[in-house]
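# Report on the structure
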Amino acid sequence: MSSIAILPAAALLVAARAMAQPTASDTQKVVIPAGARSWTFTNGREEFGHLKTWRDASGVRLSHEVFQERSTRFELSQRLSQRKDGTLEALTVEGTGPEGKVAESYRTDGKTYTFKSSSDAGTGRVTARSFYLPLAGTADATFALAEWLVAHPRSEMRLAPSGAARLERLANAQVRCGGRERKLTAYLISGLDLTPQPIWFEGRKAFGNAGPISLLPNGCTGLSSELQRRQESALEQRETSLARQLARRHTGPVLLEGGRLFDAKAGRFLDGQSVLVNGKNIERVGPAGSFAVPAGTLRLSARGMTILPGLWDSHKHMVGTSSGALLLSAGITTVRDMGTLPDVMVRLRSRIDAGELLGPRILPLMVVDGPGPTMNYTARPVSSPEDARAAAQEALDKGYLGLKIYNSLEPGLVQELAREAKRLGLRLQGHMPAGTRPLHALEQGYDELTHANHALLQFAPNSVLSQPHRDRTHFGPARFAAELDLNSEQVRSYVAELKRRGAAVDPTLSVTEMLWTLEPGEMPPALSPYAKALPVQFQRGLRQGGYAPPAGLTRDQMRRGHLALRRFVGALHAGGVPIVAGTDGFGLEIARELELYVEAGLTPAEALRSATIVPATIMGKAGTLGSIEPGKLADLVLVGGDPARDVGAVRDVRMVMKEGIAMDPVALARGAGLAVEDKEERP
């Protein structure tokens, strides 16, 4: 899955692995003919690489792709041959990626096929229409598949080893680029990713993709913003229809009756409780039968279930209109957006707030970073004190609640950002810029530390702090974490200082679990419970494993390092440091994040507080959100099982309510593209 443009959700996993030093690779000696078609990866401001495609004398599709975003680099050469009916005959990919050499292949004799990638291999029988998409191929593999689907409307292509790809028309556009007028059509291709993804065509030929990082023909890269607007408008119409179907407000009061209720403020569970909702708000809470219920109230039985406040994901990157239904299906009614392109975030937030799109409420932070090749592409560049002041004012003007500092910001600018953020009432938090320790960041004005491995850098050897990002924040902590004495005076005083300053920590343990502990072929524990509901091609992407350990570090050491990182989070909590649960993923990982907190030493109730009242308090929203109390907004989740004993029970969502609108999680998940089964019992 090469291109971040063609497969955005899978690319989030690539991006999670992405903070990598450049791969040591030989520049591939590829002879590209003068007549090759050329595309450019761009975000409208800067270029990230190119794709070249051509055919040899026998008609075989050849392509060469170079992509580099920050320190993530792919250089891939692909050879793809198809039979006359469009089925794939053979495919080979060679090159380099963030984890080293890439080699992938597919072969068929017309009756059976064999394939091998970095994380899986297999054989099977060739069907009448079958195709194989490489895990690490060029974008031309997706182009070839989509071109067959466009040429065969209302058909599907079976995918090896399993699954199927389909196409549906999305939008049209008449544009001018490359010196002429063009008629373009956008299609949605499904079956490859967590949600269907747009791809633009000119006639029956793939034109490219528009997104946070677009892939467009040379001479047409200026169309990126326009095509994004066209497809987002069409997607919003699609999602608006879904919102009308799935988010209908009952005209009268609603009673959730007789369930176990989680009192987030007290951190306890109460049996036999009822909650009366009227409009957007909670009106009454108490033992079942203890208060009068108005005539015309819709009664929903919560017996055998647990009533939770709506969950928070305090580390989310909203990637588009279709992610909202998925988050709601997991019981998440509020997210803290930690970095999305500003235009996308502002529009998405306003449409969700207006009830036109499904999704949790968004509390956004603006990413700020230093300009240059390692700058986060979603960031607002800051290179001077004047920039810092302007960035803070821009964040306030656009409705952001704070600033998130990224890795490449010049450390000397943190204080100016902090000063201006405080003056404007904005929060300040984020990563540790190179050479920075957490206590120094807090002294300069940080309110919160992002990622537990960054919070651990207080104890890093000086040699680690000067290393490239992945070595500094992943391999370094994985090495020294297991040796850290959590009962030592330096750790105790550090934890005490965090508590004194009221600094919170957003651990994202489920992400580091994936990156530090998994070998190729292993499914991330955070997503394995959902495997049957996910497209098979997407599952294959999930099984690519974590970071490859460098020389001198083993996978077992990294696993021990992650156990130590969990214990560190437990020590932070035990010392009174607020912990806020965030996934830095798709949102479905929230249950695993809470399970990891319990493994770190928190009780299930304490873990649930980290996804309810604690973030609500930190973000200044505890007056309306975070707990189940009269007068607060009716954000509620009904789950099966007993999260008081097994916090993983939060995966079993039976109903989700946001501001008094009750929604079916199964319908939401299906609307987001998951093949989920019906729940045994619903209210």
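Each remark here, short or long, concerns the structure printed above.
Residues numbered from 1 in each chain as written. Predicted model: local features only at pLDDT ≥ 70, side-chain atom pairs only at ≥ 80, totals over all residues. Heavy atoms only, no water.

## Observations concerning the side chain of Asn453
Filter applied, for reference: Secondary structure is summarised from DSSP: a helix means a run of H or I of at least four residues, a strand means a run of E of at least two, and numbering begins at the N terminus for each. Polar contact is defined as a pair of N or O atoms within 3.5 Å, subject to the rule that within protein one atom must be able to donate a hydrogen and the other to accept it, and that residues adjacent in sequence are counted only when both atoms are side-chain atoms. In what follows, a contact means two residues having at least one pair of non-hydrogen atoms within 4.5 Å.
Counting through the fold element by element, Asn453 comes out in helix α9 (residues 452-455). Among the polar contacts made by the side chain of Asn453, one reaches the main-chain carbonyl oxygen of Thr473 at a distance of 2.7 Å. If sequence neighbours within four positions are ignored, Asn453 has contacts with Thr473, His474, Pro477, Thr512, Trp516 and Leu565.

## Focus on unusual backbone geometry
The peptide bond linking Ala160 to Pro161 adopts the cis configuration, its omega dihedral lying at 10 degrees. The topology assignment puts Pro161 in the loop between β10 (157-159) and β11 (164-177). One non-glycine residue with positive phi stands out, namely His451, at about 80 degrees. With respect to the helices, strands and loops of the structure, His451 is situated in the loop between β27 (448-450) and α9.

## Some remarks on the nonpolar core
Defined as follows: What makes a nonpolar core is a set of buried Ala, Val, Leu, Ile, Met, Phe, Trp, Tyr and Cys residues whose side-chain atoms join them at distances within 4.5 Å. Burial status follows relative accessibility: with a 1.4 Å probe on protein chains alone, a residue under 20% of its type maximum counts as buried, one over 50% as exposed, and anything between as partly exposed.
Within the largest apolar cluster, 119 residues are counted, with the highest numbers of intra-cluster contacts made by Leu358, Leu403, Tyr446, Leu449, Leu594 and Tyr597. Once residues lying within four places of it in the same chain are set aside, the contact partners of Tyr446 are Ile405, Val414, Leu428, Gln429, Gly430, His431, Met432, Pro433 and Ala441. Core analysis: the second largest hydrophobic core is formed by 42 residues, Phe48, Tyr132, Ala139 and Phe201 among them.

## A short note on the pairing of strand β14 (residues 205-208)
Successive side chains on a regular strand alternate, one facing one side of the sheet and the next facing the other. Our working rule: Pairing between two strands is assigned when DSSP locates at least 2 bridges connecting them.
Pairing of strand β13 (residues 197-202) with β14, which is carried by 3 bridges, proceeds in the antiparallel orientation. Each residue of the ladder has a partner; that of Phe201, found in β14, is Ala206. Taking the residues between adjacent antiparallel strands as the criterion, β13 and β14 are bridged by 2 residues, where Gly203 takes a positive phi near 65 degrees.

## A word on the environment of Leu509
For Leu509, the position within the fold is in helix α13 (residues 509-517). For the pair formed by Leu509 and Pro524, sequence separation is 15 residues and the distance between their alpha carbons is 12 Å. Once residues lying within four places of it in the same chain are set aside, the contact partners of Leu509 are Ala452, His562, Leu565, Arg566, Val569, Glu593, Leu596 and Tyr597.

## What to know about the sheet that holds β10
Using the following cut-off: Here an axis means a line fitted to C-alpha atoms, over the contact stretch when the element is a helix, while the angle between two N-to-C directions is reported on a 0 to 180 degree scale.
The mixed open sheet is built from 6 strands, whose spatial order is β9-β10-β11-β12-β13-β14. Whereas interior strands pair on both sides, the edge strands pair on one side only; in this sheet they are β9 (130-131) and β14. Bridge analysis of β11 against strand β12 (residues 180-190) gives 11 bridges, and the strand direction is antiparallel. Bridge pairing in β12 links Ala173 to Leu184. Running over the sheet, helix α2 (residues 139-151) touches β9, β10, β11, β12, β13 and β14 and is turned about 95 degrees from β11.

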